[in-house]
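Here is what each chain is made of, one letter per residue.
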Amino acid sequence: MERVEYRVIRSDRKTLGLEIGKGTEVLVRAPRRISEEQIEIFVRRHRAWIEKKLAQRRAFLAAHPEPSEAELAGWMERAKAIIPARAAYYAEIMGVTHTGIRYTRNRTRVGSCCRQNRLSFSCRLMGYPQEVLDYVVVHELAHITHKNHGADFWRAVETVLPDYQVRRAMLRG
């Protein structure tokens, strides 16, 4: 059986944790005092999970290759043309008001809402179906009234998009 390559990040945490980092890097988050042997046993025990997640990530990366600079520029133009109308449409339905929209080229954080209720969206959303774009817009607008991901937040999202979980899964790949 081939050994799984991974990187260990030690901190003051009490438990071991696994995640797939950028690309297909396997990260093990570990307490400072745990031995390398215990970490290796933990990784071996979770090999099936790691392989499943790596396969999902590879499929996602294959379906969403890195765009060229020209594509990114085109996506930025499209984002600026499309997102304000979608935000206005859903803001009216939700009874909220944002203080502005900015656009980024972020790879992982495709949307955010700051304390001042200014929304940010990655132009990379233009590489996804309309359903995903609408989910991200509604998600960020819900943060205007709910600054966390508690039950009330998810109820607000679900009220507008009853199928939000399907849309969210499309975003996550």
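What comes next concerns the included structure. Worth saying up front: this structure is predicted, and the values here are computed from it rather than measured.

Structural notes on the state of the cysteines
- All chains considered together, the criterion is met by zero disulfides.
- Considering cysteine sulfurs only, Cys114 is the nearest to Cys113, which forms no disulfide, with 6.1 Å between them.
- Using a relative accessible area of 18% as the deciding quantity, one classes Cys113 as buried.
- Relative accessible area serves as the criterion here: at 23%, Cys114 is assigned to the partly exposed category.

Section: the sheet that holds strand 5 (residues 111-113)
- The strand order across the open sheet built from three strands is 4-6-5, with neighbouring strands paired in mixed fashion. Single-partner strands in this sheet number two, and they are strand 4 (100-104) and strand 5. Along the sheet, successive strands turn relative to each other by an average axial angle of 15°, direction set aside.
- Along the sheet, helix 3 (residues 69-94) makes contact with strand 4 and strand 6 (118-122), crossing strand 4 at roughly 150°.
- Across the sheet, helix 4 (residues 130-145) touches strand 5 and strand 6, and the angle it forms with strand 5 is around 15°.

With respect to helix 4
- Here helix 4 is 16 residues long and its end C-alpha atoms lie 24 Å apart, about the 22 Å a rise of 1.5 Å per residue gives.
- The buried count for helix 4 comes to 13 of 16 residues, which makes it a mostly enclosed element.

A short note on the pattern of salt bridges
- Following the criterion strictly, the structure yields 14 salt bridges and no others.
- Via salt bridges that share partners, Arg3, Glu5, Glu40 and Arg44 belong to a single interconnected network.

Remarks on unusual backbone geometry
- Even without being glycine, Asn117 reaches a positive phi, approximately 65°.
- One can find Asn117 in the loop between strand 5 and strand 6.

Examining the packing of helix 4 against helix 5 (residues 151-160)
- Their axes nearest at 9 Å, the elements helix 4 and helix 5 cross at an angle of 135°. The pairing of helix 4 with helix 5 is recorded here as oblique in orientation. Between helix 4 and helix 5 lies a crossing of right-handed hand. In this structure, helix 4 contributes Tyr135, Val138, His139, Ala142 and His143 to the contact, and helix 5 contributes Phe153, Trp154, Ala156, Val157 and Val160.
- Tallied by class, residues from the contact of helix 4 with helix 5 come to eight nonpolar, two polar and no charged.

As for the layout of surface pockets
- Quantified by volume, the largest pocket comes out at close to 1,500 Å³.
- Lining the largest pocket are 44 residues, and of these Phe60, Arg107, Thr108, Tyr128 and Leu171 lie nearest its centre.
- Looking at the lining of the largest pocket, the elements that each hand over two or more residues are strand 2 (17-20), helix 2 (47-63), helix 3, strand 5, strand 6, helix 4 and helix 6 (164-172).

Reading the values: rules and limits
- Residues numbered from 1 in each chain as written.
- Predicted model: local features only at pLDDT ≥ 70, side-chain atom pairs only at ≥ 80, totals over all residues.
- Heavy atoms only, no water.
- Disulfide = S-S within 2.5 Å.
- Buried < 20%, exposed > 50% of the residue type's maximum accessible area, 1.4 Å probe, protein only.
- Pairing = 2+ DSSP bridges.
- Helix = DSSP H or I, 4+ residues; strand = E, 2+ residues; numbered from the N terminus.
- Axes fitted to C-alpha atoms, helices over the stretch in contact; angles between N-to-C directions.
- Contact = heavy atoms within 4.5 Å.
- Expected span 1.5 Å × (residues − 1).
- Salt bridge = Lys/Arg side-chain N within 4 Å of Asp/Glu carboxyl O.
- Parallel < 35°, antiparallel > 145°, perpendicular 65-115°, else oblique.
- Left-handed = near helix turned anticlockwise from the far one by under 90°.
- Nonpolar A, V, L, I, M, F, W, Y, C, P; charged D, E, K, R; others polar.
- 1 Å grid on protein atoms, 1.4 Å probe; cavity = no way out; pocket = protein on both sides within 12 Å on 5 of 7 lines; lining within 4 Å.
- Points joined across faces, edges and corners; volume = space filled by probe spheres on them.

The analysis is restricted to geometry; functional conclusions fall outside its scope.
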